[in-house]
Amino acid sequence: MAPVGPDGSLLVQDGSENPFSGTYFDAAIDAHNRRSWHLPSMPGSLESRFQTQQRQMDRAALILAIDCASDQRQREQVAHILSVPGQLLHDSAGLILNQHAYSVMGDGICSVLDAIPLNNSIFLRLAQTGAVAGICPQPLQWNRHTNSYRSLKFPQPGTRASPG
């Protein structure tokens with residue numbers, strides 16, 4: 001992920017490197033760039049690296065709610081948490097569902113990653129979508145004023161009540 005400055009803000013370099021490079025999303029970035037992990041497995045491993053790339057992309061799609069198991073309600077919730085258009089998640093899920101090539105899955109995941117606003121809450125937002133997907137615990141944030149942890153609050157999908 002892109003480095004963080006002393007004030008906690010996300011530092012994005014000249015744009016030559018993907019801000020998600022070096023993270024769990026590397027498998028999708030490589031697939032998007034048409035690089036498969038067909039190299040030999042690590043010593044002692046019984047799996048090919050391509051299976052690992054596929055497994056990591058499956059989990060990334062789950063975190064972003066673009067896998068085939070995510071329903072429309074979950075996509076709306078993730079779209080709100082990540083501040084991305086819900087239609088993008090719908091379209092990316094349809095792309096992955098209709099075409100099973102690893103590169104297409106990488107394209108779908110990267111299209112969502114490219115739409116996520118880069119700010120200092122990106123890690124917490126992705127941790128929250130992992131909790132929505134059921135693969136991570138509910139993230140907590142330390143509140144120094146109360147010396148306790150608190151649940152994160154992200155916008156929930158739905159309509160607001162009228163102001164009056």
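Heads up: the structure comes first, above all this text.
Let me sum up the structure you'll find in this document. (Residues numbered from 1 in each chain as written. Predicted model: local features only at pLDDT ≥ 70, side-chain atom pairs only at ≥ 80, totals over all residues. Heavy atoms only, no water.)

Let's talk about unusual backbone geometry
- Phi is positive for Arg34, close to 60°, though the residue is something other than glycine.
- When you line up the elements, Arg34 lands in the loop between helix 1 (26-32) and helix 2 (49-63).
- When its relative accessible area of 48% is taken as the criterion, Arg34 is described as partly exposed.
- Of note in the backbone geometry, Ser83 takes a positive phi value of approximately 60° without being a glycine.
- Checked against the element boundaries, Ser83 lands in the loop between helix 3 (72-82) and helix 4 (86-98). (Helix = DSSP H or I, 4+ residues; strand = E, 2+ residues; numbered from the N terminus. Buried < 20%, exposed > 50% of the residue type's maximum accessible area, 1.4 Å probe, protein only.)

Topic: the packing of aromatic side chains
- Under the definition given, this model contains three aromatic pairs.
- Aromatic pair Phe20 and Phe25: ring centres 5.7 Å apart, planes at 80°, arrangement edge-to-face.
- Aromatic side chains Trp142 and Tyr149 sit 4.9 Å apart centroid to centroid with 75° between the ring planes, which places their arrangement in the edge-to-face category.
- Residue class for Tyr149 comes out exposed when judged on its relative accessible area of 55%.
- Positioned above the aromatic ring of Trp37, the side-chain terminus of Arg49 is 5.6 Å from the ring centre. (Phe/Tyr/Trp six-rings, centres within 6.5 Å; stacked < 30°, edge-to-face > 60°. Lys NZ or Arg CZ within 6 Å of the ring centre and 35° of its normal.)

Overview of helix 3
- By the burial criterion, the buried members of helix 3 are Gln74, Arg75, Val78, Ala79, Ile81 and Leu82. What you see down the axis of helix 3 is that its buried residues fit within an arc of 165°, all on one side.
- Buried residues belonging to helix 3 abut helix 2, helix 4 and helix 6 (122-133).
- Immediately downstream of helix 3, the backbone of Ser83 shows phi near 60°, a positive value. (Arc of directions from axis to C-beta. Contact = heavy atoms within 4.5 Å.)

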